[in-house]
Amino acid sequence: MKPSLLLAASLASVTLAIVPEGIISGEKAAVPGSQSLPNLFTVSSASEIDGWDVGGTLKLEAGRLAFGTGQGALWSKQPLANSRDEWVIEAVFRNSEVKETADHSFVDTNGLSFWLLQADTTPKLYYDVSNFGGPAKFDGFQLLVNNKEKPGLKIFAGDGTREIPNQLDKTIGTCTFNYLDSMVPFTLRISYSAKKKWFKVQIDNNLCFKTDAISFKNLKEDLTFGTTGSIDGKSDEYWEILKMSVYNELTEDAIDDHGIIADGTAKVVTVTQQEQQATFHPSHNRESLMERTRKWREQNGQEPEEQRAAGSLDASTIDLSEVHQRLDKLENLILSLANRDSAAPDSTVLNQIVDAQIRQNRVLETLQNNYARLEEQIQNQNNDIARSILKEFSNQRKEIGNLGSYVQSLAKSGTPDLSSTIAPETVESFQRYSKWILITIIAVIVVLSVIVHRLRKDVKHSKLL
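Predicted model, so just to flag it, every value in this text is computed and none were measured.

The rules we used
- Residues numbered from 1 in each chain as written.
- Predicted model: local features only at pLDDT ≥ 70, side-chain atom pairs only at ≥ 80, totals over all residues.
- Heavy atoms only, no water.
- Helix = DSSP H or I, 4+ residues; strand = E, 2+ residues; numbered from the N terminus.
- Buried < 20%, exposed > 50% of the residue type's maximum accessible area, 1.4 Å probe, protein only.
- Contact = heavy atoms within 4.5 Å.
- Areas by Shrake-Rupley, 256 points an atom, 1.4 Å probe, with all protein chains shown as cover.
- 1 Å grid on protein atoms, 1.4 Å probe; cavity = no way out; pocket = protein on both sides within 12 Å on 5 of 7 lines; lining within 4 Å.
- Points joined across faces, edges and corners; volume = space filled by probe spheres on them.
- Nonpolar A, V, L, I, M, F, W, Y, C, P; charged D, E, K, R; others polar.
- Patch = residues over 30% accessible without salt bridge, like charges linked within 9 Å, V, L, I, M, F, W, Y side chains within 5 Å.
- Salt bridge = Lys/Arg side-chain N within 4 Å of Asp/Glu carboxyl O.
- Phe/Tyr/Trp six-rings, centres within 6.5 Å; stacked < 30°, edge-to-face > 60°.
- Lys NZ or Arg CZ within 6 Å of the ring centre and 35° of its normal.
- Pairing = 2+ DSSP bridges.
- pLDDT = per-residue confidence, 0-100.

**A few points about the overall build of the chain**
Assigned secondary structure in the chain consists of 8 helices and 14 strands. Across the 465 residues that make up the chain, the buried fraction comes to 38%. Taking the intrachain contacts of the chain between residues at least 6 apart in sequence as the baseline, contacts between residues at least 24 apart amount to 70%. Of the roughly 26200 Å² of accessible surface on the chain, 54% is carried by carbon and sulfur atoms.

Right under this line is the structure:
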């Protein structure tokens with residue numbers, strides 16, 4: 001094998017590892033549209049961000065939009081293009097805390113909301129900031145990242161006529177993820193396709209919510225979209241928006257669900273009969289959106305309150321407070337039965353029941369504490385693994401870059417002619433051994449290239465940055 005062919009093969013292997021997979025395969029990647037946020041590192045102040053209204057406590061700091069104490073807002077000046085057909089919105093955000101204190105308790109004031117609204121039927125849009133920086137009454141959808149009842153995302157649907165409380169039983173979908181005390185950014189992706197008949201929400205490429213019961217075909221106007229945030233004055237918590245990309249078509253990541261949020265609350269609603277499909281049709285004389293979402297809850301296993309009260313006890317969803325309540329009811333029932341009897345109640349039996357209840361409470365509290373510690377350890381391990389992967393990936397890329405530069409410089413300089421100064425036998429022996437040395441080097445380069453390529457693909461799918 002000639003040295004020139006070996007050099008070409010090594011350069012090709014390095015190129016396969018460095019050039020993105022989509023370019024090699026000929027796939028055309030979706031490009032963010034004009035409604036996306038610009039690169040925030042290229043903007044000197046929030047007032048210079050074209051196409052967006054930045055208000056309240058939202059400020060531009062070091063390439064990121066940070067929410068300060070109070071309410072802040074980021075609204076697109078133009079409605080969402082292609083609202084009725086197909087679109088994708090990707091928002092990269094981060095929740096950071098200066099201190100791990102009681103900030104988790106500000107569940108009624110601290111939160112980040114993403115909005116898809118009908119402007120003409122949303123009263124006091126841009127003026128009402130009582131709902132985590134946004135309107136309390138809205139016609140459309142609110143996607144709220146908040147810590148009330150459980151940390152994660154809650155999706156609310158409004159019809160513009162009533163306020164919706166921040167409660168899990170009022171949502172059309174939820175998913176849990178631990179955004180608290182984490183310096184790692186999260187990517188929220190909202191996508192819609194009339195052709196594929198879906199409205200989908202993803203967190204870091206993992207499916208959170210998906211339904212074919214929402215349609216935007218009959219919208220009278222395109223959707224208004226934006227994000228708002230709220231932080232209590234006594235809290236050290238703050239929110240950051242790092243990136244906002246808007247696409248007029250489905251992206252590869254929007255189509256591909258790499259996983260499902262594994263907390264038992266990810267909801268996938270499927271409507272099999274055409275007449276059951278709900279249509280989001282904004283009008284003062286239309287069917288209430290809250291009435292339509294009631295049907296989605298029934299299809300999704302969310303029964304009315306009176307049916308849930310009469311239903312059986314589900315061990316997978318019950319919490320400790322319910323266990324305590326039922327034990328108390330059992331004790332009261334036994335006492336009432338004993339009081340009805342003419343004979344004196346058996347104090348021995350009652351004492352045994354009370355002792356059993358105390359032991360049960362201790363066991364439940366121990367389990368709860370162990371679970372909390374386990375969850376914290378898992379989160380710390382995940383953060384350490386992510387940092388180590390990124391560090392290893394950076395080192396591998398630097399090493400391959402240095403090797404490529406060396407190979408290019410070697411190709412430009414060429415190999416000097418030593419035949420005039422060295423004996424023919426020595427030259428022949430050197431060429432024979434150098435061929436095998438070059439083959440070994442190429443094999444090592446190919447192995448490193450495959451490893452780097454796999455790392456790039458894993459980091460892309462994990463969306464840690």
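**Some details on empty space enclosed by the protein**
Rolled over the atoms, a probe sized like a water molecule indicates the empty space that remains. Across all of its chains, the model carries 2 cavities of 30 Å³ or more by this definition. Of the pockets and cavities examined, the largest cavity occupies roughly 80 Å³. Looking at the largest cavity, the residues that line it are I89, A91, F114, W115, L116, L188, I190, F225, G226 and M244. Secondary structure elements with two or more residues in the lining of the largest cavity: β3 (86–97), β4 (111–117), β8 (186–193) and β11 (224–231). The dominant element in the lining of the largest cavity, judged by the number of residues it contributes, is β4, at 3 residues. Partitioning the lining of the largest cavity into residue classes produces 9 nonpolar, 1 polar and no charged.

**Quick word on a nonpolar patch on the surface**
Residues Y433, I437, L438 and I441 make up a contiguous nonpolar surface patch of roughly 380 Å² in combined accessible area. Summarising the element assignment, I437 is placed in helix α8 (residues 424–462).

**Observations regarding the packing of aromatic side chains**
Taken as a whole, this structure holds 15 aromatic pairs when the rule is applied. Grouping aromatic residues by their ring pairs yields a cluster made of F93, F114, F177, Y179, F186 and W239. Here K200 stacks its cationic end above the ring of W198, 4.0 Å away from the centre of that ring.

**Quick word on the pairing of strand β2 (residues 64–76)**
Of the strand pairs in this sheet, strand β1 (residues 52–61) and β2 are connected by 9 bridges, and their pairing is antiparallel. Each bridged residue has a counterpart across the sheet, and for D53 the counterpart in β2 is W75. Linking β1 back to β2 in an antiparallel pair, the connection comprises 2 residues, with A62 at a positive phi of about 50 degrees. One ladder, built from 3 bridges, connects β2 with strand β12 (residues 237–247); its direction is antiparallel. What sits directly across from A66, in β12, is E240. With 6 bridges connecting them, β2 and β11 associate as antiparallel partners. The partner of W75 across the bridge, within β11, is G226.

**What to know about the pattern of salt bridges**
As enumerated under the stated definition, the model contains 9 salt bridges in all. One salt bridge in this structure joins R94 and E240, with 2.8 Å as the shortest N-O distance. Pair noted here: R94 is in strand β3 and E240 is in strand β12, with a separation of 146 residues, a long-range link. For the residue pair R94 and E240, the accessibility class agrees, reading buried in each case. Measuring nitrogen to oxygen at the nearest pair gives 3.9 Å for the salt bridge that ties R162 to D159. Overall, the relative accessible area of 42% leaves R162 in the partly exposed class. Residue class for D159 comes out buried when judged on its relative accessible area of 8%. Among the charged side chains, a salt-bridge network with shared partners connects E61, R64, R94 and E240.

**Structural notes on the confidence of the model for the chain**
For the chain, the mean per-residue pLDDT works out to 75, and 68% of the residues sit at or above 70. Contacts of residues 264–292 to residues separated by more than four positions or lying in other chains number 84 contacts, the stretch itself having pLDDT below 50. Every residue in residues 302–319 scores below 50 in pLDDT, and together they form 12 contacts with partners more than four places removed in sequence or on other chains.

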